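Spelled out from the first residue to the last, the chains are:
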Amino acid sequence: MARHSCDIAVIGGGPGGYVAAIRAAQLGMKACVVEREHLGGICLNWGCIPTKALLRTSEINHLLGQLDSFGFAADGVAFDLQKIVRRSRDVAGRLSAGIGHLMKKNGVEVIEGQGRLAGGGQVAVERDGALAEEIAAPHIVLATGARARTLPGLEPDGERVWTYREAMVPPAMPASLLVIGSGAIGIEFASFYRDLGAEVTVVEILERILPVEDEEISALARKAFEKQGMEILTGAAVSGLERRGAGVRAAVEAGGETREIDVERAILAVGIVGNVEDIGLAGTGVEVDRGHVVVNRWCETGETGVYAIGDLVGPPWLAHKASHEGVMCVERIAGIETHPLEVSRIPGCTYCRPQVASIGLTEAAARAEGREVRIGRFPCLANGKAIALGDDEGLVKTVFDAATGELLGAHLIGAEVTELIQGFAIAKTLETTEAELMETVFPHPTLSEMMHESVLDAYGRALHF
């Protein structure tokens, strides 16, 4: 049995874990990563990256249906689903190999297997059910990520009832699809399949879709999806799934009534739960609450020398949040002055059509805090670049503190808003005021001008609407 020693041992090679190891190596520490499946984790292999490849394809399919509006004509345009899936997997594979290169470049040792805490600064690594290696490290970072949550009576079977994994590699295009849950994962898959021609029904137990978003943005998203032909049922719950023939019959309860919906396939997208099992937490000071490890603002657990980051420790479940926590955690260990992560400065993105992105407080949350607010709005239909792109559906909304001019939040729906949101993220990090944003020169013609106009509108100074 091999024995190793290092300064930092990371269990999990996802976007939090591998970034933590790289930063440790940059700071002169010896780091190793224990990974049981794929470097890059769920995000790179079965989440963020391959789904964006799929969504790019469905976006192109939508554009091909609009050729006449751009002055083109073409006959016999069709897609090959297996080529679409293969491209998505190739993109993921290429990036996963790139992570391996980064590990070698930075001198990070990668150990394959299931890692678990073994007490006294030890990590035990199992392969094929047997103890294969031991690692001694004074600092251990748990970065084991999360998996899809399931519900009683709605358990996925991988054939007709899918999780995100099966939804990414469909053997054939379903004619009809039920998406249970309207968070980012559910809505992205709903958008992908709808743009490729499937009849899509979305069921959300809460009163609106994309429930973490600003209410106004959620309403605009629903309007856009219904215009595309999706059926959206809110305030509704799927009480059961019955396999019938080659498809699924769902019992949907809403308003005291039960409705049956027959579809070929169903996707369960009701959140995620942390991978807290089989990592050696029993008998330690590590606390688990509702499926996630409890940490303080420095990502320290209740066990000395043990830290936890990323999806394992709870929302927001975002790869960039995990990476930031990994860097912060390691720099704290190295004695570098750093700052705890402020959730209000973490942007969130949903890559549906139209895209949705946000940061900070919603209008409702800001008012609930007792703040007097100024709200700015600018519609995409008044932006020259959006019109030129043929994609002028959407809105940029900003929320300011009326007393101080602080940017409290920004909420966007429309073309490429997942790229625009970073401008507001920088503004919040720099604690930029409304005056500084208004004085910033935005290039023309760009989509980013909508950001400027929204700020101007909050103060009664919008120029182009």
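Please read all numbers here as calculations on a predicted model, not as lab measurements.

A. Structural detail: the overall build of the chain. Within the chain, the secondary structure is distributed over 13 helices and 26 strands. A compact globule built from 465 residues should have a C-alpha radius of gyration of about 23 Å, and the chain, at 24 Å, falls within 12% of that. If you line up the chain on its principal axes, its C-alpha atoms span 65 × 60 × 50 Å. Here the chain holds 465 residues, and the buried ones make up 51% of them. A sequence separation of at least 24 residues applies to 63% of the contacts in the chain between residues at least 6 apart. For the chain, the exposed surface amounts to about 21,300 Å²; the carbon and sulfur share of it is 51%. Computed over 43 positive and 63 negative side-chain charges, the inter-centroid distance for the chain is 3 Å.

B. Looking closely at the side chain of Thr51. On the secondary structure map, Thr51 appears in helix 3 (residues 48-64). Of note is the side chain of Thr51, whose polar atom sits 3.0 Å from the backbone oxygen of Cys48. With residues up to four places along the chain from it excluded, the contact list for Thr51 reads Met168, Glu188 and Phe189.

C. Local environment of the packing of helix 11 (residues 417-429) against helix 13 (residues 449-458). Running from N to C, helix 11 and helix 13 cross one another at 50 degrees; their axes reach a closest spacing of 10 Å. In terms of orientation, helix 11 lies oblique with respect to helix 13. In this structure, the crossing between helix 11 and helix 13 has a hand that is right-handed. Where helix 11 abuts helix 13, its residues Leu420, Gly423 and Phe424 lie against Met450, Met451 and Val455.

D. Fine view of the pattern of salt bridges. Tallying each qualifying case throughout the model produces 30 salt bridges. Ionic pairing is found between Glu325 and Lys321, a salt bridge with its closest N-O pair at 3.5 Å. You can see Glu325 and its partner Lys321 sitting in helix 8 (residues 319-333), four residues apart, about one turn around the helix. For the residue pair Glu325 and Lys321, the accessibility class agrees, reading buried in each case. Arg377 is paired through a salt bridge with Glu363; the nearest N and O atoms lie 3.7 Å apart. Residue Arg377 is located in strand 24 (residues 373-379), and its partner Glu363 is located in helix 9 (residues 363-368); the two are separated by 14 residues in the primary sequence. Each of Asp214, Glu216, Glu363, Arg367, Arg377 and Lys397 takes part in salt bridges that share partners, so that together they form one network.

E. Up close: a negative patch on the surface. On the surface, a cluster of negative charge is contributed by Asp391, Asp392, Glu393, Glu416 and Glu419. Residue class for Glu416 comes out partly exposed when judged on its relative accessible area of 34%.

F. Just the packing of aromatic side chains, in detail. Enumeration over the complete set of coordinates arrives at four aromatic pairs. An angle of 75 degrees between the planes, with centres 6.2 Å apart, marks the rings of Phe378 and Phe465 as edge-to-face. Of the two residues, Phe378 is situated in strand 24 and Phe465 in the segment after helix 13; the sequence distance between them amounts to 87 residues. According to the relative accessible area criterion, Phe465 is exposed, its value standing at 63%. Ring centres of Phe400 and Tyr459 lie 5.6 Å apart, and the angle between their planes is 70 degrees; this geometry places the pair in the edge-to-face category. Within this pair, whereas Phe400 is found in strand 25 (residues 395-401), its partner Tyr459 is found in the segment after helix 13, the two being separated by 59 residues in sequence. Taken as a pair, Phe400 and Tyr459 share a single burial class, namely buried. In this structure an aromatic cluster arises from ring pairing among Trp162, Phe192 and Tyr193. Note that Arg89 overlies the ring of Trp46, its terminal NZ or CZ placed 3.9 Å from the centroid.

G. Quick peek at the environment of Gly255. As for its position among the elements, Gly255 is in the loop between strand 15 (247-254) and strand 16 (257-263). C-alpha of Gly255 to C-alpha of Gly235: the two residues are 20 residues apart in sequence and 7.7 Å apart in space.

H. Just the sheet that holds strand 5 (residues 114-117), in detail. What the four strands build is an open sheet, ordered 1-7-6-5; its pairing is mixed. Every interior strand has two partners, whereas the edge strands, strand 1 (2-5) and strand 5, have only one. Adjacent strand axes in the sheet meet at a mean angle of 25 degrees when their direction is disregarded. Pairing geometry for strand 6 (residues 122-127) and strand 7 (residues 130-136), over six bridges, is antiparallel. Counterpart to Val123 in the pairing with strand 7 is Ile135.

I. Spotlight on the state of the cysteines. Taken as a whole and judged by the stated rule, the model has zero disulfides. Lacking any disulfide linkage, Cys299 is separated from the closest cysteine sulfur, that of Cys329, by 5.6 Å.

J. Seen up close, helix 4 (residues 81-105). Along its 25 residues, helix 4 runs 37 Å from first to last C-alpha, staying within 8% of the 36 Å computed at 1.5 Å per residue. When we look at burial in helix 4, the residues that qualify are Leu81, Ile84, Val85, Ser88, Ala92, Ser96, Ile99, Gly100 and Met103. Put simply, Asp80 is the residue that caps the front of helix 4, since its side-chain oxygen is 3.0 Å from the backbone nitrogen of Gln82.

Rules behind the numbers
- Counting restarts for each chain, with residues numbered from 1 along the sequence as it is written.
- Local features in this predicted model are restricted to residues whose pLDDT is 70 or higher, and side-chain atom pairs enter the listing and the counts only when it is 80 or higher, whereas totals over whole chains, interfaces and linings include all residues.
- To get the side-chain values, all heavy atoms of the structure are used, and hydrogens and water are removed first.
- Helix numbers and strand numbers start at the N terminus; a helix is a DSSP run of H or I with at least 4 residues, a strand a run of E with at least 2.
- Values of the radius of gyration come from C-alpha atoms, whereas the globule rule sets the reference at 2.2 Å times the count of residues to the power 0.38.
- Each residue's exposure class comes from its accessible area (1.4 Å probe, protein chains only) as a fraction of the maximum for that residue type: buried when under 20%, exposed when over 50%, partly exposed otherwise.
- The contact rule is simple, with two residues in contact once any of their heavy atoms fall within 4.5 Å.
- The Shrake-Rupley method, run with a 1.4 Å probe, gives the accessible areas here. Residue values count only the displayed protein chains as cover.
- Working convention for charge: Lys and Arg count positive, Asp and Glu count negative, and His plus the chain ends are omitted.
- Think of each charge as sitting on NZ of Lys, CZ of Arg, CG of Asp or CD of Glu.
- Pairs of N or O atoms are called polar contacts if they sit within 3.5 Å, as long as, within protein, a hydrogen donor faces a hydrogen acceptor (for residues adjacent in sequence, only side-chain-to-side-chain pairs).
- Fitted lines through C-alpha atoms serve as axes, helices being fitted only where they are in contact, and the angles separating the N-to-C directions of these axes extend from 0 to 180 degrees.
- In this scheme, roughly parallel covers angles under 35 degrees and roughly antiparallel covers those over 145, while 65 to 115 is roughly perpendicular and the rest are oblique.
- We call a crossing left-handed when the near helix sits turned anticlockwise from the far one by less than a right angle, and right-handed when that turn is clockwise.
- By definition here, a salt bridge exists when the distance from a side-chain nitrogen of Lys or Arg to a carboxyl oxygen of Asp or Glu is within 4 Å.
- Only residues above 30% relative accessible area that lack a salt bridge enter a patch, with like-charged residues linked at up to 9 Å and the nonpolar side chains Val, Leu, Ile, Met, Phe, Trp and Tyr linked at up to 5 Å.
- Any pair of Phe, Tyr and Trp rings, taking the six-membered ring for Trp, is counted once the centres come within 6.5 Å. Such a pair is stacked with planes under 30 degrees apart, edge-to-face with planes over 60 apart, and tilted for the rest.
- In this scheme, Lys NZ or Arg CZ marks a charge over a ring once it lies within 6 Å of the ring centre and within 35 degrees of the ring normal.
- At least two bridges found by DSSP between two strands are what make those strands a pair.
- What counts as a disulfide here is a pair of cysteine sulfur atoms lying within 2.5 Å.
- What a helix should span is 1.5 Å times the count of its residues minus one.

The values reported here are purely geometric and, on their own, carry no functional implication.
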